[in-house]
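Fold and geometry: a report
Spelled out, the chains give:
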2 protein chains.
Amino acid sequence: MPSTPPEPSSPSSSRIILGIDPGLQTTGFGVIEVMGARLQYIASGTISTKHLPTGNLPARLKVIFSGICEVIDRYSPNEAAIEIVFVNINPQASLLLGQARGTCIAAIVHKELPLNEYTALQMKKAIAGHGKAAKAQVQEMVKRLLKLPQLPGPDAADALGLAITQAHAGHALSLLMESKGDARRATGMYVQGRSR
Amino acid sequence: MPSTPPEPSSPSSSRIILGIDPGLQTTGFGVIEVMGARLQYIASGTISTKHLPTGNLPARLKVIFSGICEVIDRYSPNEAAIEIVFVNINPQASLLLGQARGTCIAAIVHKELPLNEYTALQMKKAIAGHGKAAKAQVQEMVKRLLKLPQLPGPDAADALGLAITQAHAGHALSLLMESKGDARRATGMYVQGRSR
């Protein structure tokens, strides 16, 4: 369920995209800069709540919320992408993951970033060309696409993968908007009944 | 899973408690003031996302986050109580509810309020004396306990019920701390080896 469509941008303008792979124990984040079709790695990492007692959900969600706010303050992204999560085999785990994801979204909307949602399938297709790519394959492709000196960790790789997915989606959309612009101009000429 | 214990307070000091009944469509809130065993109604209401497209989860969570922040800014509560939600028959609904609840908790911890969690069962026991109380019974008891001129709506009643539950828990704790204080003083006298 994609929500706010990414802002179309001209191929020459630069956008900074934050990708988030939400999790209650480990939330991955990745920040990239996009200039037209060129991608530039900025940062990535994880926000961990493993040091906190499992039962203290408010404390764990606070770490996730503050962590994402800190990443946004530090790298000033223009937009964000987050993974759509699905119901787990364990319903209790789904409920916990839902709360972690809700917290991630709260931080992003609190910082007033436009946000898009992508499934893991969409991300894998965008990164590796097919939706069945293994974790290791996503890590390898993210390393190649961003010309990283080494493999990113799996959570950071997923987050960077989501940012790249949004970069591609935005780029495709900007091309579409340009062609629509041409179409609009053409229609305009027709409506006015004369050529200029 | 109760987390941060409510701050113990002397029976004479006043506390303002915010109760939250989280929901993706309707989040109930209730604010009460507690002076010892006396309860005073301050405000209650709902934060609704029904006017927004179902598919736009970030926009809906933004309304919930901003709504709770606004309530906190307006009534300056010292602490908060939120309902513990359980896995629904519909797992997808659980996932959505989880995200709404995560957003509520994010707003509360963002505003640095200590937060406790209570099950509906605990709230009903505290309000109506037994865990099987119907919604209407909770509304009626909340009306009586807070001397309201009319029945609060069901979501606001649950939220007020949670705030009252925390008031009772905090009051019991403060009495416990006082008796512990006596015990500590007694121990102190023993350690010092003389009576004063």
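Reference entry: report on the structure contained in this document. Each chain carries its own residue numbering, running from 1 in the direction its sequence is written. Labels follow written order: the first chain is A, the first ligand is 1, and so on. Whole-chain, interface and lining totals are the exception, using all residues; otherwise, since this is a predicted model, local features are given only for residues with pLDDT of at least 70 and side-chain atom pairs are given and counted only at 80 or more. Computation of side-chain values: all heavy atoms of the structure, hydrogens and water removed.

Attention now moves to the interface of chain A and chain B. Often, the extent of an interface is quoted as the loss of accessible area upon association of its parts. Across the boundary between the two partners, chain A contributes 28 residues, which contact 28 residues of chain B. By definition, the buried area sums, over both parts, the 1.4 Å-probe accessible area that each loses when the two are put together. Across the interface of chain A and chain B, roughly 2500 Å² is buried in total on both sides, 73% from carbon and sulfur atoms. Three residues, P58, V87 and L95 of chain A, lead the burial of chain A against chain B; their summed loss comes to 21% of the area buried on that side. Take a side-chain nitrogen of Lys or Arg and a carboxyl oxygen of Asp or Glu: if they are within 4 Å of each other, that pair is a salt bridge. At the junction of chain A with chain B, the criterion picks out 2 salt bridges. With its nearest N and O atoms 3.8 Å apart, the salt bridge here joins E112 of chain A to K62 of chain B. Starting at the N terminus, helices and strands are each numbered in turn, a helix being any DSSP run of H or I of at least four residues and a strand any DSSP run of E of at least two. In terms of residues, the side of chain A that touches chain B owes the most to one element, helix α2 (residues 91-110) of chain A, which gives 13 residues. All amino acids are sorted into three groups, where Ala, Val, Leu, Ile, Met, Phe, Trp, Tyr, Cys and Pro are nonpolar, Asp, Glu, Lys and Arg are charged, and the leftover types, Gly among them, are polar. Across the side of chain A that touches chain B, the residue classes break down as 14 nonpolar, 10 polar and 4 charged. We call two residues in contact whenever any of their non-hydrogen atoms come within 4.5 Å of each other.

Okay, the side chain of T103 of chain B next. Counting through the fold element by element, T103 of chain B comes out in helix α2 (residues 91-110). Only protein chains enter the accessibility calculation, which uses a 1.4 Å probe; a residue is then buried when its area is under 20% of its type maximum, exposed when over 50%, and partly exposed in between. Among the residues examined, T103 of chain B registers a relative accessible area of 0% and is labelled buried. In contact with T103 of chain B, other than residues within four places in its own chain, are G102, T103 and A106 of chain A together with L61, I64 and F65 of chain B.

Now for the environment of P22 of chain B. All names here are of chain B. Assignment of secondary structure puts P22 in the loop between β1 (14-21) and β2 (26-35). With relative accessibility at 7%, the residue P22 sits in the buried group. In this structure the C-alpha to C-alpha distance between P22 and L160, which are 138 residues apart in sequence, comes to 12 Å. Not counting residues within four places of it along the chain, the set of residues in contact with P22 comprises T27, I82, E83, V85, L97, R101 and C104.

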